[in-house]
Each structure stands twice: as structure tokens, then as C-alpha cells.
Amino acid sequence: MRNIMRFMKQDFLKQEGGATAIEYGLIASLIAVAIVGVLITLGPALSGVFANVQASL
């Protein structure tokens, strides 16, 4: 029983690689949601700009 507790304290609790990967995944998903929101909001305005550029060419 003591060996299991020692393993839990020394090895298992020190491993933070999975938590870091999850944090990076959450940050990336929040950035993706923000980009989609901006594109949905600015999409019609950008479409108008590109239509003007195309018409002037």
C-alpha cells in the first residue's frame, strides 16, 4: 500500500503533460471560435470590398 501511495505522490501527480495539451486545445478552439465569429460578422462587408475591386479591374 505504501508503494502505491509513493507512486501516486512522486510520479502520477507530477505528470502535467496531458493537462498542458488540454489547455492548448482549449485555447486553439477559443481562437477558432473567435475567428469564425469575426468572419461571420465581417463577411458581407468584405464581400462588398472584393466586388468593388473586381468591378474596378
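To be clear, the structure that these remarks concern was listed above.
What you are looking at is a predicted structure, and each value in this text was computed from that prediction instead of being measured.

Moving on: the overall build of the protein chain. A count of helical and extended segments in the protein chain gives two helices and zero strands. Looking at the protein chain as a whole, 0% of its 57 residues are labelled buried. Roughly 5,300 Å² of accessible area belongs to the protein chain as shown, and the carbon and sulfur atoms make up 71% of that amount.

Nonpolar side chains collect at one region of the surface, where Y24, I27, I31, I35, V38, L39, L42, L46 and F50 lie side by side and expose about 920 Å² of accessible area between them. Tracing the chain through its elements places L39 in helix α2 (residues 17-56). Of the residues examined, L39 reaches a relative accessible area of 52% and is grouped as exposed.

Procedures and definitions
- Residues numbered from 1 in each chain as written.
- Predicted model: local features only at pLDDT ≥ 70, side-chain atom pairs only at ≥ 80, totals over all residues.
- Heavy atoms only, no water.
- Helix = DSSP H or I, 4+ residues; strand = E, 2+ residues; numbered from the N terminus.
- Buried < 20%, exposed > 50% of the residue type's maximum accessible area, 1.4 Å probe, protein only.
- Areas by Shrake-Rupley, 256 points an atom, 1.4 Å probe, with all protein chains shown as cover.
- Patch = residues over 30% accessible without salt bridge, like charges linked within 9 Å, V, L, I, M, F, W, Y side chains within 5 Å.
- Salt bridge = Lys/Arg side-chain N within 4 Å of Asp/Glu carboxyl O.

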